[in-house]
Amino acid sequence: MDSQTALRELEAELDKDVKALPLLKLPFRTVVSALYGVVDNRFHGPRTSPESRENEDVGSAIVNRLSYLLPLLIDCPVEPLGLNLANALSPITPQYLAELGFLLAYAHFSELMPEVHRGYYSVSGDVASGFRLTHASDSFRYYEARDIALTEISMPYYLRPRLKFEAQLVDVVNRFVKQKFSHAGDLVTTVTVIAKQLYEEFRLGIREIPILTDEGCNAAFGVSLEKFNRFRSAWAGISELCLQLADAFAHRARSSSGRRQRELFFESMEWTAPLLRRNFLEGLVLALTGLSGGEIDHLMQFYSFSPAEKRARQVGDGFFPPIAQLADSLHFNPDALRSMLSSRNVLYVLNRAHTQVFDEQVSGHLEPALIEIAKRPLSRLPDVFLAQEIDWGGGDIDLLVYSERENSALHIQAKAAIAPQGARMVAATEGRVKEALRQLSALRKLPPARIDAIVEKAIGRPVRGVNLVDVVLCRASFGTAKIWERLGSVAVVNPSIVAAVVERLLATSSSNPVTAFAATVQEVADDIQRRAATGWEEATIELGRTTLTMPLLRLDSNVLWAERQKSYERLMGK
């Protein structure tokens, strides 16, 4: 049996093994809170240690992989919830901890296998010696790093919160100790006051390039973009509050001993996987945002699910609905919640769970929004004419950027207006990029006089012998080496790359910016890849009876953070 077949057989066996884990017979809150403990540890380091050893990238990766586990987790019994988190976690034994590790390894395996099936890797080894994945070719490895780096700089983010509430939180901890390790009613007042200030900070700190037109936002979200931003800012503020409470209790615990230390650490953990009354949380969101109860209920459907219903239609491809409805309470991890609040995830849920609504009311607004955001930097090029949605008979030009001085034009095809997650969506993106390449080629094959006539009609000026520069515009990424290797002279860009290219062209006072556009795209992409993607390393996961070793890309998070900030400022202003 060859290694590829053996690995596929292992996949089927692991699917059966994981369903039979005794761990999954424990209550939902118990299992998920234990998983959230791992998430918190990766985001923030061990709370028992004063030395921070956080790794936000690893934490985010684990949150994404929880999407592969949710179909298993919703089969856990909902009851009992436990008196508190310490009580809920009390059934966890060393055996269950080992099964928890296997569950997380299985989630990583589940994330990788669609890529194996689509030929990303060569497979070697067997069950006895362990399996090893290597990239299908050197070219595949190179372009994988390039695509990942260029995608990462286009991701949304929040400005890091500056507000700290040390005095108020110390008072909360002191009262908790004095009241024999319990909270009185005044905690609600403190939480509400702090949450309001954090809400305002997050509302002003959203850094996401719009992915829909205003009309599209109303069709997708059921509310305006401004109201949607209020909703997610409230939850981001609540998440930050929970994390600051966890920090405060852990800080006091590290300087305590005995029962006091134990109770304080448990209280710190409580805020990393809080179970809070639904009426309180949704009432707080309502008070913070001014949204109606109906609007909040509508938006909650995208981010919440009920394990009691034994289904979560919106889960998959890296999206994990972060709020679980348990009886009359809501259960979440603050980092998982905040990382899942992007508008892209609403579109993902719509496309998956409400396909007809997505197709008929939303999808038509995606590419126009992508074009509008690209036009912002492109219009800064000197002496250019912009025209869009040009029907030339054999196809459409999505955006034309013509320089009369150079007699050159960017012919831009806009495709793949949602950032992909997972091999299935990457394959769909590749299909759209191939479509763009065909449309670019179709126009270029026309006689020169016919091309001149098309450009002349679009810009309303006479042209002769116009030079076309072919460009594919996507929201984030472009695909694997299968796409990159067939681009030829075609430039591929996302809005972040467009903005960086225009800035470089203007900074160097290029005399022919349109003609030099494709070469400058190459320069910018090379520079970002060199600085952000620092190389590949191997990692191994334990899969019970065997192991799997795979390549992992090292990314410089400081470079990515800086590039995201610059991208947002270039596209949206400061």
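Predicted model only: the values in this text are computed from it and were never measured.

> What is the right way to look at the overall build of the protein in this model?
Along the protein, the regular secondary structure elements total 23 helices and 15 strands. Relative to the compact-globule value of 25 Å for 574 residues, the protein shows a C-alpha radius of gyration of 26 Å, a close match. With respect to the principal axes defined by its C-alpha atoms, the protein has extents near 85 × 60 × 45 Å. Across the 574 residues of the protein, 55% fall into the buried class. In the protein, 65 positive and 69 negative side-chain charges are present, and the distance between their average locations comes to 2 Å.

> Sorry if this is basic, but what is going on with the pattern of salt bridges here?
It is possible for side chains of opposite charge to pair when their charged atoms get near one another. This structure, assessed with the given rule, holds 34 salt bridges. As a salt-bridge pair, D17 and R545 come within 2.0 Å of each other at their nearest N and O atoms. Taken together, the positions of D17 in helix α1 (residues 3-19) and R545 in the loop between β14 (533-542) and β15 (547-555) put the pair 528 residues apart, joining distant regions of the chain. Close ionic contact of R203 with E200 constitutes a salt bridge, the shortest N to O distance being 2.9 Å.

> Please explain the layout of surface pockets as it appears in this structure.
Taking a probe equal in size to a water molecule and rolling it over the atoms shows the remaining empty space. The computed volume of the second largest pocket comes to approximately 780 Å³. The wall of the second largest pocket is formed by 33 residues, among which H183, E267, E270, L275 and L276 lie closest to the centre. At the level of elements, α4 (85-89), α8 (186-205), α10 (225-254), α11 (258-270), β5 (275-277) and α12 (278-289) are the ones that each hand at least two residues to the lining of the second largest pocket. Here the lining of the second largest pocket is built from residues that sort into 21 nonpolar, five polar and seven charged.

> Help me out: how do you make sense of the nonpolar core in this one?
What tends to happen in soluble globular proteins is that the nonpolar side chains get buried as a cluster. Formed by 188 residues in total, the largest nonpolar core has its most connected members in L7, L73, L103, W235, L378 and L548. Counting residues per element, this core draws most heavily on α10, at 14 residues. Dropping the residues within four chain positions of it, L73 is found in contact with L24, F28, V31, V32, L35 and L103. Counting 15 residues, the second largest nonpolar core, distinct from the first, contains W392, A409, L443 and L468.

> Please explain empty space enclosed by the protein as it appears in this structure.
In the structure shown here, the tally under the stated rule is one cavity of 30 Å³ or more. Lining the largest cavity are A374, L378, I412, V471, L473, V493, V498 and F517. Elements with a contribution of two residues or more to the lining of the largest cavity: α17 (366-378) and β12 (467-473). Of the residues in the lining of the largest cavity, the class split is eight nonpolar, no polar and no charged.

> I tried to follow the packing of aromatic side chains on my own but got confused; where do I start?
Any two aromatic rings considered together are summarised by their centre-to-centre distance and by the angle between their planes. For the structure shown, the criterion picks out 14 aromatic pairs. Between Y143 and W484, the ring centres sit 5.6 Å apart and the planes meet at 10°, which makes this aromatic pair stacked. You can see Y143 sitting in helix α6 (residues 138-152) and its partner W484 sitting in helix α20 (residues 481-484), a full 341 residues away along the chain. On the basis of relative accessibility, which here comes to 9%, the residue W484 falls in the buried class. Aromatic side chains F176 and F249 sit 5.2 Å apart centroid to centroid with 80° between the ring planes, which places their arrangement in the edge-to-face category. Residue F176 is found in helix α7 (residues 166-178), and its partner F249 is found in helix α10; the two are separated by 73 residues along the sequence.

> Sorry if this is basic, but what is going on with the sheet that holds β14 here?
Sheets are built from strands that pair by backbone hydrogen bonding, the pairs being arranged parallel or antiparallel. Strand order across the open sheet formed by four strands is β1-β2-β15-β14, with mixed pairing between neighbours. Every other strand in the sheet has two partners, leaving β1 (121-126) and β14 as the edge strands with one partner each. Averaged over all pairs of adjacent strands, the angle between their axes in this sheet comes to 25°, without regard to strand direction. One ladder, built from nine bridges, connects β14 with β15; its direction is antiparallel. Within β15, the residue paired with A539 across the bridge is M550.

> Explain the sheet that holds strand β13 (residues 491-493) to me, please; I cannot follow it from the model alone.
Spatially, β9-β10-β11-β12-β13 is the arrangement adopted by the five strands of the open sheet, whose pairing is mixed. Each end of this open sheet is capped by a strand with a single partner; those strands are β9 (384-391) and β13. Averaged over all pairs of adjacent strands, the angle between strand axes in this sheet comes to 25°, irrespective of strand direction. Judged from the seven bridges that link them, strand β11 (residues 408-414) and β12 form a sheet pairing that is parallel. Among the inter-strand pairings, L410 is bridged to a residue of β12, identified as V469.

> I'm lost on the pairing of strand β2 (residues 130-135) in this one. Help?
Regular strands have side chains that alternate between both faces of the sheet. The sheet contact formed by β1 and β2 spans six bridges and is antiparallel. In the sheet register, S124 faces β2, and the bridge partner there is R132. As consecutive antiparallel partners, β1 and β2 are separated by three residues. Note: β2 against β15, two bridges, orientation parallel. If you follow F131 over to β15, its bridge partner there is L548.

> Can you walk me through a positive patch on the surface in this structure?
Positive charge collects at one region of the surface, where R118, K434, R438, K482 and R486 lie side by side. A relative accessible area of 48% places R486 in the partly exposed class.

> Is there a simple way to think about the packing of α7 against α8 in this case?
Helix packing geometry: the angle between the two helix axes and the distance between the axes. Contact geometry of α7 with α8 gives a least axis separation of 11 Å together with a crossing angle of 165°. Between α7 and α8, the crossing angle belongs to the class labelled roughly antiparallel. Both α7 and α8 take part in a crossing whose hand is left-handed. Together, Q168, L169, V172 and R175 of α7 and D186, L187, T190 and I194 of α8 make up the contact between the two elements. Here the residues of the contact of α7 with α8 sort into four nonpolar, two polar and two charged.

> Is there a simple way to think about the packing of α12 against helix α13 (residues 293-303) in this case?
Packing of α12 against α13 brings their axes to within 10 Å, and their N-to-C directions diverge by 120°. Between α12 and α13 lies a crossing of right-handed hand. Taken together, the residues of α13 that come into contact with α12 (itself represented by E282, V285, L286 and T289) are G293, I296, D297 and M300. Grouping the constituent residues of the contact of α12 with α13 by class yields four nonpolar, two polar and two charged.

Cut-offs and rules
Residues numbered from 1 in each chain as written. Predicted model: local features only at pLDDT ≥ 70, side-chain atom pairs only at ≥ 80, totals over all residues. Heavy atoms only, no water. Helix = DSSP H or I, 4+ residues; strand = E, 2+ residues; numbered from the N terminus. Rg over C-alpha atoms; globule rule 2.2 N^0.38 Å. Buried < 20%, exposed > 50% of the residue type's maximum accessible area, 1.4 Å probe, protein only. Lys, Arg positive; Asp, Glu negative; His and termini not counted. Charge placed at Lys NZ, Arg CZ, Asp CG, Glu CD. Salt bridge = Lys/Arg side-chain N within 4 Å of Asp/Glu carboxyl O. 1 Å grid on protein atoms, 1.4 Å probe; cavity = no way out; pocket = protein on both sides within 12 Å on 5 of 7 lines; lining within 4 Å. Points joined across faces, edges and corners; volume = space filled by probe spheres on them. Nonpolar A, V, L, I, M, F, W, Y, C, P; charged D, E, K, R; others polar. Core = buried A, V, L, I, M, F, W, Y, C linked by side-chain atoms within 4.5 Å. Contact = heavy atoms within 4.5 Å. Phe/Tyr/Trp six-rings, centres within 6.5 Å; stacked < 30°, edge-to-face > 60°. Pairing = 2+ DSSP bridges. Axes fitted to C-alpha atoms, helices over the stretch in contact; angles between N-to-C directions. Patch = residues over 30% accessible without salt bridge, like charges linked within 9 Å, V, L, I, M, F, W, Y side chains within 5 Å. Areas by Shrake-Rupley, 256 points an atom, 1.4 Å probe, with all protein chains shown as cover. Parallel < 35°, antiparallel > 145°, perpendicular 65-115°, else oblique. Left-handed = near helix turned anticlockwise from the far one by under 90°.

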